[in-house]
Amino acid sequence: MQCKVAFGGDKVCNADGSTALSKTLPITSGVYQGGSLSCLLFTIFINDICLHVPGVTIVQYADDTQILVSGKRANLNDLIDKMEQALSKLFTWFCTNNMKVNAAKTQMIVLGTRQMLKDLPPVTIQFSGTTVKESAKVKNLGIVMDRHLTFHDHVSHVVAKCTGALLALIHVRHVLPAHTVKPIVTSLVVSTLRYCLSVYGTCGATEQRRLQKILNFCARVISGRRKRDHISDVLKNLKWLSIGKLIQYHRICSVRSIIESGHPNALVNTLARATDHGHNTRNSDRFRLPKIRTEAGRRQLMYSGVDSYNSFCASFDNRTHFKTALRKHLLQLQTP
């Protein structure tokens, strides 16, 4: 990318104390970091990368590029060859376009059920003269993903981070104005719990109980209750959803966003109206649930989220304030 931009003109201080303007230098490639147009220009610049690597799925967020290949365990060697060829083509594209690739920071993870990955030998790939070994877990946009997508490691990370913040707040709570404690806890801790909850909320009941304990801890810090004091009344007064209902809330909102925006295509393509069978029935406005074979599949967004969306929309009168109505509905269903 050629950008004819002059960089410089900052004030500099000379040895005698006088000031002067530094010389300007032309920028012949790249964009300003933090510039208002930088993100848009970079997106346009890198938009054709998928055309140079056919046959694989490329997922990008800013300069973070991920390659996905899928197949049967019996075809593992073919999948490795396919990945190495894709990486080689990507490396050529990056070099051609004056972009640096750090092969040492490249990570790889093999995803699958416990049965699929049972007794699977360690997987390695070659990339730019570097051997990339399989990782047990990787971090993707703040979410820690393990091989089986149980999100146990991510929940542990969230619990540790939130516990540290809450313990720090306990020590300074006596110097904070009472009306500021709740906003601080909400912004520092509750927001961390809610980040990508529709994704890692597919974790099991054990992990959800750990998250609920953090939410209870938040209520204790706000109310000043001790560790063994009951806080059911505090949670009710705060009008907070339990972790289970909060996960359901985020799932339904995510499904609605997917339906309204039509993105991403991979998730939109899994949605099918009941009217697709050609008959007009009382359930014609609902979406058909995908077929599942495991309990983990039942917890996935496009099954549990669509199921919850169907149930909620059946009693929803198309009011404009969707999220407000949804939250009120879940609060009413919540066990006192």
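## So, the overall build of the protein
Secondary structure assignment for the protein yields 13 helices and 10 strands. Counting only residues that meet the buried cut, the protein has 31% of its 336 residues in that class. In the protein, the proportion of contacts linking residues at least 24 apart, taken out of those at least 6 apart, comes to 56%. Of the roughly 21900 Å² that the protein leaves accessible, carbon and sulfur atoms contribute 54%.

## A short note on the packing of helix H9 (residues 243-261) against helix H12 (residues 301-313)
With their axes 8 Å apart at the nearest point, H9 and H12 run at an angle of 90 degrees to one another. Classed by the angle they form, the pair H9 and H12 counts as roughly perpendicular. Residues Gln248, Arg251, Ile252, Ser254, Val255, Arg256, Ile258 and Ile259 of H9 form the contact with H12, whose participating residues are Leu301, Met302, Ser304, Gly305, Val306, Ser308, Tyr309 and Phe312. Its residues assigned to classes, the contact of H9 with H12 shows nine nonpolar, five polar and two charged.

## Description of the pattern of salt bridges
Within the structure shown, the criterion is met by five salt bridges. Here aspartate 233 and arginine 225 are joined by a salt bridge, their closest N and O atoms 2.8 Å apart.

## Some thoughts on the nonpolar core
Counting 49 residues, the largest nonpolar core has Leu166, Val185, Leu193, Tyr200, Trp240 and Leu326 as its most contacted members. For tyrosine 200, the residues in contact, after removing those within four places along its chain, are Ile143, Phe151, His154, Val155, Val158, Thr192, Leu193, Tyr195 and Leu211.

## Some thoughts on the packing of aromatic side chains
Counting across every chain of the model gives six aromatic pairs. Look at tryptophan 93 and phenylalanine 94: their rings are 5.5 Å apart centre to centre, the planes differ by 80 degrees, and that puts the pair in the edge-to-face class. By relative accessible area, which is 11% here, phenylalanine 94 ends up buried. A ring pair is formed by tyrosine 309 and phenylalanine 322, whose centres lie 6.5 Å apart and whose planes are at 35 degrees; its orientation type is tilted. Of this pair, tyrosine 309 sits in helix H12 while phenylalanine 322 sits in helix H13 (residues 322-333), placing them 13 residues apart in sequence. When its relative accessible area of 10% is taken as the criterion, tyrosine 309 is described as buried. On the accessibility criterion, phenylalanine 322 (4% relative accessible area) is buried. One Lys or Arg, arginine 256, reaches over the ring of phenylalanine 322 and ends 4.0 Å from the middle of that ring.

## What about the pairing of strand S10 (residues 143-146)?
Relative to S10, strand S9 (residues 137-140) is paired through four bridges, and the arrangement is antiparallel. What sits directly across from valine 138, in S10, is methionine 145. Where S9 folds back on S10, the antiparallel hairpin that results is connected by two residues, among which leucine 141 adopts a positive phi of roughly 50 degrees.

## Examining the environment of isoleucine 58
When you line up the elements, isoleucine 58 lands in strand S5 (residues 57-61). Classification of isoleucine 58 by relative accessible area gives buried; the value is 19%. With 28 residues separating them in the primary sequence, isoleucine 58 and alanine 86 have C-alpha atoms 9.9 Å apart. If we ignore the near neighbours within four places in the chain, the residues touching isoleucine 58 are Ile49, Cys50, Val53, Thr65, Gln66 and Leu90.

## Concerning H12
For H12, which comprises 13 residues, the first-to-last C-alpha distance of 17 Å matches the rise-based estimate of 18 Å (1.5 Å per residue) to within 8%. When you tally the buried positions in H12, you get 10 out of 13 residues, the bulk of the element. Among all positions in H12, only Leu301, Met302, Tyr303, Ser304, Gly305, Val306, Ser308, Tyr309, Asn310 and Phe312 are buried. Packed against the buried residues of H12 are helix H6 (197-200), H9, helix H10 (265-268), helix H11 (295-298) and H13.

Each value, and the rule that gives it
Numbers given for residues are sequential positions, taken from 1 along each chain in its written order. Whole-chain, interface and lining totals are the exception, using all residues; otherwise, since this is a predicted model, local features are given only for residues with pLDDT of at least 70 and side-chain atom pairs are given and counted only at 80 or more. Calculation of side-chain values draws on the structure's entire complement of heavy atoms; hydrogens and water are dropped beforehand. Only runs of H or I of at least four residues qualify as helices and only runs of E of at least two qualify as strands under DSSP, and these elements are numbered from the N terminus. Each residue is assigned to one of three classes by its accessible area relative to the maximum for its type, calculated with a 1.4 Å probe on protein chains only: buried under 20%, partly exposed between the two thresholds, exposed over 50%. In this analysis, two residues are considered to be in contact whenever any of their non-hydrogen atoms come within 4.5 Å of each other. Each accessible area value is a Shrake-Rupley result obtained with a 1.4 Å probe; residue values ignore everything except the protein chains displayed when judging cover. Helix axes are fitted only over the stretch in contact, all axes being lines through C-alpha atoms; the angle between N-to-C directions runs from 0 to 180 degrees. Throughout, the term roughly parallel applies to angles under 35 degrees, roughly antiparallel to angles over 145, roughly perpendicular to angles from 65 to 115, and oblique to all others. For this classification, the nonpolar set comprises Ala, Val, Leu, Ile, Met, Phe, Trp, Tyr, Cys and Pro, the charged set comprises Asp, Glu, Lys and Arg, and every other residue, Gly included, is treated as polar. The term salt bridge refers to a side-chain nitrogen of Lys or Arg lying within 4 Å of a carboxyl oxygen of Asp or Glu. Buried Ala, Val, Leu, Ile, Met, Phe, Trp, Tyr and Cys residues that are joined via side-chain atoms within 4.5 Å together make up what is termed a nonpolar core. The rule is short: rings of Phe, Tyr and Trp, with Trp giving its six-membered ring, pair when the centres are within 6.5 Å, and they are stacked under 30 degrees, edge-to-face over 60, tilted in between. The rule for a charge over a ring is simple: NZ of Lys or CZ of Arg within 6 Å of the ring centre, and within 35 degrees of the ring normal. In short, DSSP must find at least two bridges between two strands for them to pair. By definition here, a helix of n residues has an expected span of 1.5 Å times n minus one.

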